[in-house]
Amino acid sequence: MAINGITEAFVHSVAGGAQLRRLNIELLACGAAYMAASLLCVRTLGGGTTGLVWANCVNMLLRIALSYRFIDAHFKRSGVAVGFPASGVLPHAVVLAAFATCFAATAVSERLLYSDAPKWLVAHCAVGACCGLVALAVVFLYEKSLYTEFRTVISRDHEHQHQ
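What comes next is a walk through the structure. All of these numbers come straight from a predicted model, not from anything done at the bench.

Concerning the overall build of the protein chain
Helices and strands together make up the secondary structure of the protein chain, namely six helices and zero strands. When the helices and strands of the protein chain are read in sequence order from the N terminus, they spell out α-α-α-α-α-α. Going through the 163 residues of the protein chain one by one, you find that 20% of them count as buried. Partitioning the contacts of the protein chain with sequence separation of at least 6, the portion at a separation of at least 24 is 55%.

Describing the pattern of salt bridges
Using the criterion set out here, one finds four salt bridges in the structure. With its nearest N and O atoms 2.7 Å apart, the salt bridge here joins R63 to E8. Linking R63 in helix α3 (residues 49-78) with E8 in helix α1 (residues 2-14), this pair joins segments that are 55 residues apart in sequence. The residues R63 and E8 share a single accessibility class, namely buried. Its salt-bridge partner being E26, residue R69 comes within 2.8 Å of it at the nearest N-O pair. Taken as a pair, R69 in helix α3 and E26 in helix α2 (residues 17-44) lie far apart in primary sequence, 43 residues in all. Salt bridges sharing partners connect three or more residues here, namely R22, E26 and R69.

Topic: the environment of E143
Along the chain, E143 turns up in the loop between α5 (118-142) and α6 (144-161). Assessed through its relative accessible area of 16%, E143 is described here as buried. Taking C-alpha positions, E143 is 8.2 Å from V95, a pair spaced 48 residues apart along the chain. In this structure, E143 is in contact with P91, H92, V95 and V138, ignoring residues within four places of it in sequence.

Regarding the nonpolar core
One recurring pattern in soluble globular proteins: nonpolar side chains tend to sit buried together. Ranked by size, the top nonpolar core spans eight residues in total: V11, A15, L23, L27, C30, L66, F70 and I71. Of all elements in the fold, only α2 and α3 reach the threshold of two or more residues within this core. Other than its neighbours up to four places away in sequence, V11 contacts L23, S67, F70 and I71.

Points about the side chain of H74
By secondary structure assignment, the location of H74 is in helix α3. With near-sequence residues (within four places) excluded, H74 lies in contact with F10 and V14.

Points about the packing of aromatic side chains
Within this structure, the stated rule accounts for two aromatic pairs. Between W54 and F103 the ring centres are 5.9 Å apart and the planes differ by 75°, which places this aromatic pair in the edge-to-face class. With W54 in helix α3 and F103 in helix α4 (residues 93-112), the pair connects residues that are 49 residues apart, well separated along the chain. Classification of F103 as partly exposed rests on a relative accessible area of 49%. Here the basic side chain of R77 rests over the ring of F70, its NZ or CZ set 5.7 Å away from the ring centre.

Quick look at α1
For α1, spanning 13 residues, the distance from its first C-alpha to its last is 19 Å, which sits close to the expected 18 Å at 1.5 Å a residue. Those residues of α1 that sit buried are N4, T7, E8 and V11. For α1, the angular spread of the buried residues around the axis is 100°, confining them to a single face. Turned more than 90 degrees away from the buried face of α1, the exposed residues are A2, I6 and S13. On its buried side, α1 packs onto α2 and α3.

Observations regarding the environment of A107
Turning to its location among the elements, A107 is positioned in helix α4. A107 sits 17 residues away from H124 along the chain, and the two C-alpha atoms are 9.8 Å apart.

The rules we used
Residues numbered from 1 in each chain as written. Predicted model: local features only at pLDDT ≥ 70, side-chain atom pairs only at ≥ 80, totals over all residues. Heavy atoms only, no water. Helix = DSSP H or I, 4+ residues; strand = E, 2+ residues; numbered from the N terminus. Buried < 20%, exposed > 50% of the residue type's maximum accessible area, 1.4 Å probe, protein only. Contact = heavy atoms within 4.5 Å. Salt bridge = Lys/Arg side-chain N within 4 Å of Asp/Glu carboxyl O. Core = buried A, V, L, I, M, F, W, Y, C linked by side-chain atoms within 4.5 Å. Phe/Tyr/Trp six-rings, centres within 6.5 Å; stacked < 30°, edge-to-face > 60°. Lys NZ or Arg CZ within 6 Å of the ring centre and 35° of its normal. Expected span 1.5 Å × (residues − 1). Arc of directions from axis to C-beta.

Below you can see the structure in the form of structure tokens.
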């Protein structure tokens, strides 16, 4: 959601009137796609909030793709050799694989273990806790810049509190 907000804010700040009108029409199409994805996801993913969350993910990806296309074209038109690599906003492939594996493991655990029986609920929570720890470890190992930035923010906050 943050990537969508930042990219859309940039687009709306630099786009001209005609560009904004075209973009708004494309955003209406995204809204229609969101409604279709909501119906599809709610029906196929067991209904309820899970389907809506997945539909919202589709909507955000579409909106980010629209903004990305505009931003890329904007920099090419301006002759600025900045570039805007989409890969720069994604985590390392190993982190994505770990997230996907943890998602799969917790989904299987939910189907097999989650029930009203307390011992199975505890087992399901243990699977989730293990997956969370694995995901944190992988992020720590493969996203050093994130860890460095996090430490910088924490230390700045700590300095401001003690002034």
